[in-house]
Amino acid sequence: MLKRIIFLGVLLIGGCSSNPNRDADIKPREKGNEAAMANLNLAIEYMRRGEYELALNKMERARQADPEYYATYNAFGLLYQRLGDPREAERNFKKALSLSDTDSATLNNYGRLLCQQGRLQRAEETFLKAAQNPLYATPDVPLSNIARCLYLNGQTPAAEKYFLQALDINPQGTIALLDLSQINFDRQNYLAARTYIQRYARIARHTADSLLLGIQIAQQLGDENAVSSYALQLRNNFPDSQAAQTLESMGIR
């Protein structure tokens, strides 16, 4: 079974995507204290680049300029989470929520942390609170994150419910489409699995894993043309991937 450990988010406010490469949800300051705004925006850019020491320095300056701006603590929380310090990450997420308890960006990031710690009920509640904020532009993101959290922890029926809710809001949610394809493949609902993988392919570039899933579905449906097409793409685009290495063992040459 292919289970990609991916959580969704929007790196900058105004983004609206389920691109799995966007794994942070931070709202940079747009007005107010100019020093806080400038330093937080720089911190976000450094964090994007993986320059965490510089990001931490700019966050500290943003906090000094405006100790009551919740988004700075959200950014601190995400940074400490990436640095492997969940206790400090949670402290900062809670501080952000104490200043703005309905901020969906912080709720989404905090939900990710809770899920990674196995605190599933609390994670679900936190993601739902983010999704239910009428001012949040991308409620499908926390819904997909609930689904992903539950799916990775063996709660497939509940995960499927949330994935479908996310797709109702955003029919182009790529992670929901891929995981619903996998769920249906695991249940041997191969036609439904093919429908979801085809919808995914119409709006996104295939990954090595999605191509391998496509091959597995096509094999079960006896569609040799599709098997050959997926295998060719996998070999050409991801020759060094683990997925490509499995083709020979699957009898695909």
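The structure this text deals with has already been given above.
Report on the accompanying structure. No experiment lies behind these values; they were computed from the predicted model shown. (Residues numbered from 1 in each chain as written. Predicted model: local features only at pLDDT ≥ 70, side-chain atom pairs only at ≥ 80, totals over all residues. Heavy atoms only, no water.)

1. Describing unusual backbone geometry
Not every positive phi belongs to a glycine, and Q188 is a case in point at roughly 70°. You can see Q188 is positioned in the loop between α9 (174-186) and α10 (190-203). (Helix = DSSP H or I, 4+ residues; strand = E, 2+ residues; numbered from the N terminus.)

2. Comments concerning the state of the cysteines
Scanning the entire structure with this criterion turns up one disulfide. The disulfide that involves C115 links it to C149, with 2.2 Å between the sulfurs. Between C115 and C149 the disulfide shows an S-S torsion of about 110°. By sign, it is right-handed. Of this pair, C115 sits in helix α5 (residues 104-116) while C149 sits in helix α7 (residues 140-152); the two residues are 34 residues apart in sequence, bridging distant segments of the chain. Neither C115 nor C149 differs from the other in exposure class; each is buried. (Disulfide = S-S within 2.5 Å. Buried < 20%, exposed > 50% of the residue type's maximum accessible area, 1.4 Å probe, protein only.)

3. Remarks on helix α11 (residues 208-221)
The terminal C-alpha atoms of α11 lie 20 Å apart, and with 14 residues this matches the ideal 20 Å at 1.5 Å per residue to within 8%. Of the positions making up α11, those classed as buried are A208, S210, L211, L212, L213, G214, I215, I217 and A218. Where α11 ends, the next residue or the one after it, G222, has phi of about 70°, a positive value. (Expected span 1.5 Å × (residues − 1).)

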